[in-house]
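Coordinate analysis (summary)
Residue-level listing of the chains:
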Amino acid sequence: MDLRIFTEPQQGATYDTLLTVAKATEDLGFDAFFRSDHYLRMGNVSGLPGPTDAWITLAGLARETRRIRLGTLMTAGTFRLPGVLAVQVAQVDQMSGGRVELGLGAGWFEEEHRAYGIPFPKERFGRLEEQLEIVTGLWATEVGKTFDFHGTYYDLADSPALPKPAQGKVPVIIGGHGATRTPRLAARYADEFNIPFASVEDSERQFGRVRAAAEQAGRAADALTYSNALVVCVGWDDREVARRAAAIGREVDELKANGLAGSPAEVVDKIGRYAAVGSRRIYLQLLDLDDLDHLELISAQVQSQLS
């Protein structure tokens, strides 16, 4: 079971804070550092000092880290044209020595689009499908040849399809709860399928849909990695769990029901339940980025039991 650290910087974090967490992620033996792609805070927080851009952040971290994988859950398809995104991701992959992964989604938070003047089209899923075909097509085009695409939403002609990522193939992550279109899209384009903030039962159901869609598309179901994203709140005892829950504005009982919360033994046991339904990777949503002791505890008492 891989454990990855997943941050939500729109809630309030500087680049220096993210760098500190990323370096701790690497030093403590976690598999990867991921971040969300949002420009507006959510809920009752100030969001100060303001948002940071996902791919600018990852470019910086690419030069400041050496081992961990770097990526997004999920890059919003509404924020970037697919050709531009292909260039950005390929460049950051080169800067990292081939450690980048692209989680790509349709975009959903209409308020942040209004706040920063970003168009919020009605038909986003169809755009996402074309974006995936373009980004992966640009990367796969042989050097010296050109890439063309003529779709409903995007039109590319005689693209040199450069630059290329350092990796032979940048892993693509697709996720969500959709019962039909999402599994079909994952079966065609994804190396990994991620379901965010879902119960064990819902995860098993959605993994089953994706596996069936993959087989229908002529792929082995096990060709994809299946993963979860879950909020984490671990403590040595009930008092420490309650303190960490209060720091992120959540209730302990709710966190235990909907995330990974409690003692290390409780969290290991619950991760085991996700593993039993096919999950091979957990993105730990870390909401208090100043609490590095939390990361150390997870590394020493949870990750060590899953290695």
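Residues numbered from 1 in each chain as written. Predicted model: local features only at pLDDT ≥ 70, side-chain atom pairs only at ≥ 80, totals over all residues. Heavy atoms only, no water.

A word on the pattern of salt bridges
In this structure the tally under the stated criterion is 22 salt bridges. Residues Arg 181 and Glu 123 are paired through a salt bridge, measuring 4.0 Å at the closest nitrogen-oxygen approach. Placement of the pair is Arg 181 in helix 6 (residues 181–189) and Glu 123 in the loop between helix 4 (110–115) and helix 5 (125–140), with a sequence separation of 58 residues. Notably, a salt bridge pairs Glu 254 with Arg 250, separated by 2.8 Å at the nearest N-O pair. A network of salt bridges, in which partner residues are shared, links Arg 4, Asp 31, Arg 69 and Glu 101. (Salt bridge = Lys/Arg side-chain N within 4 Å of Asp/Glu carboxyl O. Helix = DSSP H or I, 4+ residues; strand = E, 2+ residues; numbered from the N terminus.)

Overview of the nonpolar core
Ranked by size, the top nonpolar core spans 75 residues in total, and within it Trp 55, Leu 102, Leu 284 and Val 302 carry the most contacts. Ranked by residues supplied to this core, first place goes to helix 5 with 7 residues. Leave out the neighbours within four places in its chain, and Trp 55 touches Thr 72, Thr 75, Arg 80, Leu 85, Val 89, Val 92, Val 100, Glu 101 and Leu 102. Ranked by size, the runner-up nonpolar core spans 7 residues in total, among them Phe 6, Ala 32, Ile 173 and Tyr 283. (Core = buried A, V, L, I, M, F, W, Y, C linked by side-chain atoms within 4.5 Å. Buried < 20%, exposed > 50% of the residue type's maximum accessible area, 1.4 Å probe, protein only. Contact = heavy atoms within 4.5 Å.)

Considerations on the pairing of strand 1 (residues 2–7)
Counting buried positions over the 6 residues of strand 1 gives 5, a clear majority of the element. Note that strand 1 and strand 12 (residues 281–286) share 6 bridges and pair parallel. By the bridge assignment for strand 12, Arg 4 is matched with Tyr 283. With 4 bridges joining them, strand 1 and strand 2 (residues 32–35) adopt parallel strand pairing. Paired with Ile 5 across the bridge in strand 2 is Phe 33. The β-α-β motif built from strand 1, the intervening helix 1 (residues 15–27) and the parallel element strand 2 has right-handed crossover chirality. (Pairing = 2+ DSSP bridges. Right-handed = clockwise from strand over helix to strand, strands pointing away.)

Here we look at the pairing of strand 10 (residues 225–234)
Burial runs high along strand 10: 9 of the 10 residues are buried. Chirality of the crossover, the property in question, places the unit of strand 9 (residues 192–196), helix 7 (residues 200–216) and strand 10 among those that are right-handed. Pairing geometry for strand 10 and strand 12, over 5 bridges, is parallel. Counterpart to Val 231 in the pairing with strand 12 is Gln 285. Relative to strand 11 (residues 260–262), strand 10 is paired through 3 bridges, and the arrangement is parallel.

Considerations on the packing of aromatic side chains
Tallied over the entire structure, the rule returns 6 aromatic pairs. Look at Phe 34 and Tyr 283: their rings are 5.0 Å apart centre to centre, the planes differ by 70 degrees, and that puts the pair in the edge-to-face class. In this pair, Phe 34 sits in strand 2 while Tyr 283 sits in strand 12, placing the two residues 249 residues apart along the sequence. A ring pair is formed by Trp 108 and Phe 109, whose centres lie 5.1 Å apart and whose planes are at 25 degrees; its orientation type is stacked. A network of ring pairs unites the aromatic residues Tyr 39, Phe 79 and Tyr 116 as a single cluster. (Phe/Tyr/Trp six-rings, centres within 6.5 Å; stacked < 30°, edge-to-face > 60°.)

With respect to the packing of helix 3 (residues 82–96) against helix 5
Packing of helix 3 against helix 5 brings their axes to within 9 Å, and their N-to-C directions diverge by 45 degrees. Regarding the angle of helix 3 to helix 5, the classification is oblique. As for the relative orientation of helix 3 and helix 5, their crossing is right-handed in sense. Touching Pro 82, Gly 83, Leu 85, Ala 86, Val 89 and Ala 90 of helix 3 are Gln 131, Ile 134, Val 135, Leu 138 and Trp 139, all from helix 5. Looking at the contact of helix 3 with helix 5 residue by residue, the classes come out as 9 nonpolar, 2 polar and no charged. (Axes fitted to C-alpha atoms, helices over the stretch in contact; angles between N-to-C directions. Parallel < 35°, antiparallel > 145°, perpendicular 65-115°, else oblique. Left-handed = near helix turned anticlockwise from the far one by under 90°. Nonpolar A, V, L, I, M, F, W, Y, C, P; charged D, E, K, R; others polar.)

Quick notes on empty space enclosed by the protein
Unoccupied space between atoms shows up once a probe the size of one water molecule is rolled over them. This model, assessed by the stated rule, comprises 1 cavity of 30 Å³ or more. Volume-wise, the largest cavity comes out at about 60 Å³. What lines the largest cavity is Val 232, Arg 244, Ala 247, Ile 248, Leu 286, Leu 287, Asp 288, Asp 291 and His 294. Class assignment of the residues belonging to the lining of the largest cavity gives a composition of 5 nonpolar, 1 polar and 3 charged. (1 Å grid on protein atoms, 1.4 Å probe; cavity = no way out; pocket = protein on both sides within 12 Å on 5 of 7 lines; lining within 4 Å. Points joined across faces, edges and corners; volume = space filled by probe spheres on them.)

Some remarks on the layout of surface pockets
Its volume calculated, the second largest pocket comes out at about 160 Å³. Looking at the lining of the second largest pocket residue by residue, the classes come out as 6 nonpolar, 3 polar and 3 charged.

Things to note about the side chain of Glu 8
Positionally, Glu 8 belongs in the loop between strand 1 and helix 1. Buried charge Glu 8 goes without a salt bridge, the closest partner of opposite sign being Arg 35 at 7.8 Å. Only 2.9 Å separates the side chain of Glu 8 from the side chain of Gln 10, close enough to count as a polar contact. A polar atom in the side chain of Glu 8 sits 2.9 Å from the side chain of Gln 285. (Lys, Arg positive; Asp, Glu negative; His and termini not counted. Polar contact = N/O pair within 3.5 Å; in protein donor to acceptor, adjacent residues only side chain to side chain.)

Points about the environment of Asp 16
Following the sequence through the fold, Asp 16 ends up in helix 1. Residue classification places Asp 16 among the exposed residues on the basis of a relative accessible area of 53%. Each C-alpha atom of the pair Asp 16 and Asp 93 lies 21 Å from the other, and the pair is 77 residues apart in sequence.

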